[in-house]
Amino acid sequence: MTSACASLYERYLAPRLVHGACSLNVVAEQRRRIVPRAEGVVLEVGIGSGLNLPHYAPSRVTRVIGVDPDAALLRIGRKRLKAAPFEIEVVRGSAEDMPLEAGTADTALVTYTLCTIPDVERALLDIRRVLKPGGRLLFCEHGRSHSPRAAKWQDRLTPLWKRMAGGCHLNRSVSRLIETAGFAIESVDNYKLPLAPELIGFHYLGSARPR
Ligand SMILES: C[S@@+](CC[C@H](N)C(=O)[O-])C[C@H]1O[C@@H](n2cnc3c(N)ncnc32)[C@H](O)[C@@H]1O
């Protein structure tokens, strides 16, 4: 791909492909398992096209602060953002350095986002900073398989996959990253999505508290 084609792909096509993949019913089923647990002031990191918004329990949520650097995805989601039945603030920026005060959020939510953030270690430290000390991180992510054979293939394919899939890494160890950033994992369910290949379908769904 020439660099002009690559940048057109990244700016216009990739956000639509990401939105399409994230809109699948099987993905919505995973959202239903985690998003309704959010409460109070929610920091949603990588809010993208707002596909989690219909899954929040409006009676539990006072405000959602959505952070995302991708103007194209935010534009795709603008109707959903407007229709949200709770206060919503969108910050166009990166999770690595959020312009938000420490201790702002009761809940931080990440869905299919830790795979894409360039400096994910730094982003998790900033999420921990913005969470209240007694707050909770909810996560639903695909990542590194527990099968050594599949993980080896994830390592091999990630450099190419990253270029095609908007920066997505197949091989991140989600639980380890969360723990290294100073969280204690309360619960994590590891499973493979039905019908999806292990390489992209291996999931981490659960919650963690700042230590
Ligand atoms: C696969 S999409 C998932 C979007 C949404 N969380 C969902 O579940 O539909 C990955 C998201 O991570 C966002 N992202 C990428 N880099 C980021 C960063 N540095 N900080 C915050 N979000 C980022 C992308 O813009 C995109 O919205």
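Whatever comes next refers back to the structure up there.
Here we summarise the structure given alongside this text. (Residues numbered from 1 in each chain as written. Predicted model: local features only at pLDDT ≥ 70, side-chain atom pairs only at ≥ 80, totals over all residues.)

Before going further, it helps to spend a moment on the site of the ligand. Near the ligand lie 21 residues; those nearest to it are G46, G48, D70, A95 and T111. Taken together, the elements giving at least two residues each to the shell around the ligand come down to α1 (3-22) and β2 (61-68). Class assignment of the residues belonging to the shell around the ligand gives a composition of 11 nonpolar, 7 polar and 3 charged. (Near = placed C-beta within 6 Å. Helix = DSSP H or I, 4+ residues; strand = E, 2+ residues; numbered from the N terminus. Nonpolar A, V, L, I, M, F, W, Y, C, P; charged D, E, K, R; others polar.)

Right, let's talk about the sheet that holds strand β7 (residues 202-210) for a bit. A sheet is described by the order of its strands in space; here 7 strands give the open sequence β3-β2-β1-β4-β5-β7-β6, paired in mixed fashion. With partners counted over all chains shown, the strands left at the sheet margins are β3 (87-92) and β6 (183-192), one partner each. Here the average twist between neighbouring strands, direction ignored, is 15 degrees. Relative to β7, strand β5 (residues 131-142) runs antiparallel, the two sharing 6 bridges. Residue L137 lies in a different strand from β7, and its bridge partner there is A208. Sheet contacts for helix α5 (residues 120-130): β1 (40-45), β4 (105-111), β5, β6 and β7; angle to β5, the most-contacted strand, approximately 140 degrees. (Pairing = 2+ DSSP bridges. Axes fitted to C-alpha atoms, helices over the stretch in contact; angles between N-to-C directions. Contact = placed C-beta atoms within 7 Å.)

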